Amino acid sequence: MRLTGDPAPGTMNSSGSGNFLLVPIPEYPLLDCVPNKTVKIVVLGANNVGKTALIVRFLTKRFIGDYEANTGALYSRKVTLDGEEVSLQIQDTPCVALQDDAEGLYCQEQINRSIYWADGYVLVFSITDHNSYRTIQPLYQHVRRIHPSGNIPVILVGNKSDLLRARQVPADEGETLAASLGGVYFEASARENHEGVHTAFLHLCQEVIRALGGGNGEKRRGGLHLARPKSPNMQELKRRFRQVLSSKVKSATTL
Ligand SMILES: Nc1nc2c(ncn2[C@@H]2O[C@H](COP(=O)(O)OP(=O)(O)OP(=O)(O)O)[C@@H](O)[C@H]2O)c(=O)[nH]1
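Residues numbered from 1 in each chain as written. Predicted model: local features only at pLDDT ≥ 70, side-chain atom pairs only at ≥ 80, totals over all residues. Heavy atoms only, no water.

Q: If you had to explain the packing of aromatic side chains to someone new, which residues and values would you point to?
A: For the structure shown, the criterion picks out 3 aromatic pairs. Among the aromatic residues, those joined into a ring-pair cluster are Phe125, Tyr133 and Tyr185. (Phe/Tyr/Trp six-rings, centres within 6.5 Å; stacked < 30°, edge-to-face > 60°.)

And the structure:
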């Protein structure tokens, strides 16, 4: 499957690559959306697993070392999937955490809204953090409670695969868990490798399109419209780029 960015007025080429452009989403109306062709993905997981890093890597091909704990930015771009133009929207989320009994989840209302809104789910843990792995099963059950019927397009991503010496979760555990959720397991490193991240997101896009039967996600919800999560988006990403660049310049000049 091929994925290419579609330059649009007002977009920023933050990666230096003409193919990867971020498109800010206007609050109302969704001017950049391709009518009836919107793929909505939410990225979920425990804290510090690399949710933001994975999204930024996928959209910009870049890895930015440090991110503020995020409050849930929504990113959007037009893409061509298998020759068809679609609007891809990716929702970053604040972290979820296991409750003390290790079965329930602390999960903000904002995350529930994102889960309801989305068509496809990226469940992320860090291979260096077994606790983050343990959140995945309850997290998936939580998604299931919000979408009790039907197929849920999901992928499981074991991030930070560059930190092999610190590995706490063997790859076969990831594979087994993904299979039990009805999804595919990807090990990835947002830090070191764009390809793995790209392949994982692309796979999910394809699964979503298949699940929607080429139509729009609203169909699945019987026409019920829920306001999408709020979107700080491009300004925030630009600010983070500037912050990282200025700290790099500062440390270079103090050397
Ligand atoms: N070594 C390594 N570090 C990573 C990788 N991905 C992210 N990180 C680092 O892990 C930390 C957390 O990354 P984030 O993307 O902010 O993680 P998050 O899951 O969005 O974090 P919260 O918003 O706090 O839930 C940062 O210091 C990143 O630099 C990776 O693939 N390898």
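After presenting the structure, the write-up continues.
Q: Pulling in residues and values, what's your account of the site of the ligand?
A: Within the structure, the ligand sits among 22 residues, and Lys51, Ala53, Gly65, Asp162 and Ala190 are positioned closest to it. Within the contact set of the ligand, an oxygen atom lies 2.8 Å away from a backbone nitrogen or oxygen of Ala53. Contact between the ligand and Ala190: an oxygen atom at 2.9 Å from a main-chain N or O atom of the residue. About the coverage of the ligand: the protein hides 90% of its 650 Å² of free accessible area. Examining the composition of the shell around the ligand, we find that 3 residues originate from one element, helix H1 (residues 51–60), more than from any other. Among the residues forming the shell around the ligand, the class breakdown is 9 nonpolar, 8 polar and 5 charged. (Near = heavy atom within 4 Å. Polar contact = N/O pair within 3.5 Å; in protein donor to acceptor, adjacent residues only side chain to side chain. Areas by Shrake-Rupley, 256 points an atom, 1.4 Å probe, with all protein chains shown as cover. Helix = DSSP H or I, 4+ residues; strand = E, 2+ residues; numbered from the N terminus. Nonpolar A, V, L, I, M, F, W, Y, C, P; charged D, E, K, R; others polar.)

Q: Before we move on, can you summarise the pairing of strand S3 (residues 74–81) with the specific residues and values?
A: With respect to burial, S3 is a largely interior element, 8 of its 8 residues being buried. The two faces of S3 match: Leu74, Ser76, Lys78 and Thr80 on one face and Tyr75, Arg77, Val79 and Leu81 on the other face are all buried. In terms of strand pairing, S3 meets strand S4 (residues 84–91) through 8 bridges, oriented antiparallel. Note that in S4 the partner of Thr80 across the bridge is Glu85. (Buried < 20%, exposed > 50% of the residue type's maximum accessible area, 1.4 Å probe, protein only. Pairing = 2+ DSSP bridges.)

Q: Just give me the short version of the environment of Tyr121, but keep the residues and values in it.
A: Mapped onto the elements of the fold, Tyr121 is located in strand S7 (residues 120–126). For the pair Tyr121 and Gln137, spaced 16 residues apart in the sequence, the C-alpha separation amounts to 13 Å. Within polar-contact distance, the side chain of Tyr121 engages the backbone oxygen of Ala118 at 3.1 Å.

Q: Break down H1 for me, with residues and values.
A: Extensive coverage of H1 is indicated by the burial of 10 of its 10 residues. Residues of H1 that are buried include every one of Lys51, Thr52, Ala53, Leu54, Ile55, Val56, Arg57, Phe58, Leu59 and Thr60, and no others.

Q: Could you give me a rundown of the packing of helix H2 (residues 109–117) against helix H4 (residues 136–146), with the residues and numbers involved?
A: The N-to-C vectors of H2 and H4 enclose an angle of 65 degrees; their axes lie 9 Å apart at closest approach. Handedness of the H2/H4 crossing: right-handed. Contact with H2, carried on its side by Asn112, Ile115 and Tyr116, involves His142, Val143 and Ile146 of H4 and no other residues of that element. In terms of residue class, the contact of H2 with H4 is built from 4 nonpolar, 2 polar and no charged. (Axes fitted to C-alpha atoms, helices over the stretch in contact; angles between N-to-C directions. Left-handed = near helix turned anticlockwise from the far one by under 90°. Contact = heavy atoms within 4.5 Å.)

Q: I'd like a rundown of the environment of Tyr106, residues and numbers included.
A: If you trace the backbone, Tyr106 turns up in strand S6 (residues 105–106). Along the chain, Tyr106 and Val96 lie 10 residues apart, while their C-alpha atoms are 5.7 Å from each other. Excluding residues that lie within four positions of it along the chain, Tyr106 makes contacts with Val96, Ala97, Leu98 and Gln99.

Q: Residues and numbers for helix H6 (residues 194–212), please.
A: Taking 1.5 Å of rise per residue, 19 residues should cover 27 Å, and H6 covers 27 Å from first to last C-alpha, within 8% of that figure. Structurally, the start of H6 carries an N-cap: the backbone nitrogen of Glu195 is 2.6 Å from a side-chain oxygen of Asn193. A positive phi of about 65 degrees marks Gly213, the residue just after H6. (Expected span 1.5 Å × (residues − 1).)

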